[in-house]
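One-letter residues, chain by chain:
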Amino acid sequence: MKKHLPKSFLQSTAVATPCLLAVVLASNASAASLLIVNPSFEADTPGSSGASAVLGASGWTITSAGTSGNGDWFTTTAGLTHSSIDPDAAAEGSNWLSGNRLAGGFGSTSDPATIVQLVDISADSSLVDLGTATVNLDFMFSDSDPADLGLVNITFYSDIAGTSELLGTSLTTGVITPTAADGTGNAPWAARSLSGAVPASARSLQIEIVNDRTSGSAGNTHFDAFTGSIIPEPSVALLGGLGLFSLLRRKR
Ligand SMILES: [Ca+2]
Ligand SMILES: [Ca+2]
Ligand SMILES: [Ca+2]
């Protein structure tokens, strides 16, 4: 079945061109993936038994002050020492990030325990500088310890080096909802996320993972499988599309 385009459609394309451009621009700029290094903690190789978790994680920097010989975050895997409430396998791949010092046989950790990664987003500057972009960060989380609070924060900087913070623009999950009732054995993994506005002129962002311990000595929160993207404000593309649609309708 063949349908002729109405003349008015062709006439309307001239009017609609700016609108079309807006839609094309929006879709061109859509969903820029965050270039997170070692997002699933698979870059390091923890041992298969005993106290051989890896202190920290490649691509991530521990920023809390563990005392000499101790640490705050560990790359661990199935088969190592864990607490009964900790997961016994990764959410994705073989390894995950654990705040539990027992995973490595290390001494007690600092509180709060923090580990960060700075992510260069300068390639997305044209999208970011529209001032309407949103960042979405998704990850897997495990926690059934009432004494440990997990959080993820995002801080924005106006430079790639992460030295000039854009004050008042940071994002936080707040205390992340536990994945099982207090004390549940092998606390299950569950998807968690953090999203919010990206300030115009941001050129890098820092992802910070936090274990805030209210008592006890081991940080029994666990993270895995980070992914993220920067997307245009959904309403921009949607409104552009709706505007074009109504223009064409009116022309007909
Ligand atoms: Ca993993
Ligand atoms: Ca908890
Ligand atoms: Ca604990």
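This is a predicted model, so every value here is computed, not measured. (Residues numbered from 1 in each chain as written. Chains lettered and ligands numbered in written order. Predicted model: local features only at pLDDT ≥ 70, side-chain atom pairs only at ≥ 80, totals over all residues. Heavy atoms only, no water.)

Helix and strand counts for the chain come out as three helices and 12 strands. Within the chain, residue pairs in contact and separated by at least 24 positions form 78% of the contacts whose partners lie at least 6 positions apart. Element-wise, carbon and sulfur atoms account for 57% of the exposed surface of the chain, whose accessible area totals about 11,900 Å². (Helix = DSSP H or I, 4+ residues; strand = E, 2+ residues; numbered from the N terminus. Contact = heavy atoms within 4.5 Å. Areas by Shrake-Rupley, 256 points an atom, 1.4 Å probe, with all protein chains shown as cover.)

Protein-derived ligands of the calcium ion (ligand 1) are S40 (O), S40 (OG), E42 (OE), E92 (O), N95 (O), D224 (OD) and D224 (OD), with the metal-ligand distances lying across 2.3 to 2.9 Å. Mapped onto the polypeptide sequence, the residues donating to the calcium ion (ligand 1) form the spacing pattern S-x1-E-x49-E-x2-N-x128-D. With E92 in the loop between β4 (74–77) and β5 (95–98) and D224 in strand β12 (residues 222–231), this pair connects stretches of sequence that are 132 residues apart. By relative accessible area, which is 41% here, E92 ends up partly exposed. (Donors = N, O, S within 2.8 Å, 3.2 Å for Na, K, Ca; no water. Buried < 20%, exposed > 50% of the residue type's maximum accessible area, 1.4 Å probe, protein only.)

Attention now moves to the coordination of the calcium ion (ligand 2). Those donors, D143 (OD), D143 (OD), D145 (O) and D148 (O), are the protein atoms that reach the calcium ion (ligand 2), and they lie 2.1 to 2.5 Å from it. For the calcium ion (ligand 2), the single-chain donor residues occur in sequence as D-x1-D-x2-D. Note on accessibility: D145 and D148 belong to one class, buried.

By size, the foremost hydrophobic cluster in this structure holds 33 residues, and its most contacted members are F223 and F226. Only β6 (113–120), α2 (125–128), β7 (134–142), β8 (148–157), β11 (204–213) and β12 provide two or more residues apiece to this core. Ranked by residue count, the leading element in this core is β7, at four residues. (Core = buried A, V, L, I, M, F, W, Y, C linked by side-chain atoms within 4.5 Å.)

Another aspect to go through is the side chain of H82. Note on placement: H82 falls in the loop between β4 and β5. A distance of 3.1 Å separates the side chain of H82 from the backbone oxygen of L80, its partner in a polar contact. Sequence-distant contacts of H82, that is, excluding residues within four places in its chain, are made with T76, T77, P87, W96, N100 and A103. (Polar contact = N/O pair within 3.5 Å; in protein donor to acceptor, adjacent residues only side chain to side chain.)

Positionally, Q117 belongs in strand β6. With 58 residues separating them along the chain, Q117 and G59 place their C-alpha atoms 6.7 Å apart. Residues contacting Q117, with those up to four places away along its chain left out, are L35, I36, V37, G59, W60, L205, Q206 and I207. Within the local environment of Q117, its side chain forms a polar contact with the backbone oxygen of G59, the two atoms lying 3.2 Å apart.

Looking now at the sheet that holds β11. The five strands are arranged β3-β6-β11-β8-β9 in an open sheet whose pairing can be described as antiparallel. Each having just a single partner strand, β3 (61–62) and β9 (171–172) make up the two edges of the open sheet. (Pairing = 2+ DSSP bridges.)

By secondary structure assignment, the location of D124 is in the loop between β6 and α2. As a buried residue without a salt bridge, D124 has its nearest oppositely charged side chain in R203, at a separation of 9.2 Å. Leave out the neighbours within four places in its chain, and D124 touches A32 and I230. (Lys, Arg positive; Asp, Glu negative; His and termini not counted. Salt bridge = Lys/Arg side-chain N within 4 Å of Asp/Glu carboxyl O.)

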